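# An overview of the molecular structure
Residue-level listing of the chains:
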Amino acid sequence: MGIMTAPTSTGQHPSDRITPRRPDGRILTTAKIKITTKCNRDCDFCIFAARNQGVNMPRATFHAILERLATIPYRQLHINGGEPTVHKDFVAFSHDARAAAVGRVMVLGTNAITIARNQRLLDAVLACYDQVLIGCDDEHHNYEHVERVVPVLRAHGKTVVVNSVLEGISGDRLRWLAELCQAHGAIHVTNHVHHIDVGQPANTLRGLCLRNRDRHLMIAEDGSCYRCFNAMATVDSEFSVWDDNFADKLFADRTDHYQFCAKCHEYTDSGIPPQPGSPVFLPLPTVNDGAETR
């Protein structure tokens, strides 16, 4: 999830003026870096974290990713996890990312627990990020932290989006969160669990998902890459930041569905037919299941 900045009066996004241009004009919407799989919560529906058994992205990997991203056009940089604020280098990473992503929107995905408790971490968020996306529901068990942090973030002009998974929150809490967000000018959104199988009916897969083209790049802590935020089974990584032809693979068209498209609530038929049996990538012109089920 990301909230895009509005185009300028010329119809361009601010980042379009300073980002590298491709001959085909294609621009990545969001580059998301998952700097850790560690987390201070253990949500049943989460496939992205391993509580205190997770691993942190090394500094060298993080800086290599920033260097690689500098070679491609993209509009927003999203720092996530796990819970990114538990990474020992979160403050340094945030400032380095801010410096590298000049003119682009900086987004933090968090449960807000540590930034509610630690002023140094909160100061880094206020200094480096334009938008803060907060997961909040019964699974996160972070209502008091969200109540404390949202007014501060909004007072500093940050866009705040609070997201609740409908399978993990009561009606009373939903209403409370909606009222909190309305009182402070934050945005409250809801969604379903879309990256694990919770018994939802299977989709009828026709065209490739609309999300497959120029929307998102997720980079895991080891540098492996996924072109859908909902496609995160390790075996479904299509390429890595270490590949010499990283940019070509990023912008190449897919030829088939991810395994988990059949269960994803966000599958949207693009009308582009798949080509089963073809290579994952179509060659460029010359000029997942995503997640494993539980």
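You'll find the structure just up there.
The paragraphs below set out a description of the structure included in this document.

Calculation criteria
- Residues numbered from 1 in each chain as written.
- Predicted model: local features only at pLDDT ≥ 70, side-chain atom pairs only at ≥ 80, totals over all residues.
- Heavy atoms only, no water.
- Disulfide = S-S within 2.5 Å.
- Buried < 20%, exposed > 50% of the residue type's maximum accessible area, 1.4 Å probe, protein only.
- Helix = DSSP H or I, 4+ residues; strand = E, 2+ residues; numbered from the N terminus.
- Pairing = 2+ DSSP bridges.
- Right-handed = clockwise from strand over helix to strand, strands pointing away.

All right, on to the state of the cysteines then. For the structure shown, the criterion picks out zero disulfides. Free of any disulfide, Cys136 has its nearest cysteine sulfur in Cys181, 8.2 Å distant. Judged by relative accessible area, which is 0%, Cys136 ranks as buried. Cys261 supplies the cysteine sulfur nearest to Cys209, a cysteine that is in no disulfide, at a spacing of 5.7 Å. Judged by its relative accessible area of 6%, Cys209 falls in the buried class.

Once that is clear, we can look at the pairing of strand β2 (residues 74–80). The buried count for β2 comes to six of seven residues, which makes it a mostly enclosed element. In terms of strand pairing, strand β1 (residues 28–34) meets β2 through six bridges, oriented parallel. From the neighbouring strand, Ala31 faces β2, where its bridge partner is Leu77. After leaving β2, the chain enters helix α2 (residues 90–100) and then returns to the sheet as strand β3 (residues 105–110), a path that is right-handed.

In the segment running from Gly81 into Gly82, the intervening peptide bond is cis, with an omega of 20°. Note on placement: Gly82 falls in the loop between β2 and α2. A positive phi angle is found at Ala112, which is not glycine, with a value near 70°. On the secondary structure map, Ala112 appears in the loop between β3 and α3 (113–117). At His141, a residue that is not glycine, the phi angle is positive and equals roughly 50°. For His141, the position within the fold is in the loop between β4 (131–135) and α5 (143–155). In this structure His141 comes out as exposed when scored by relative accessible area, which is 58%.

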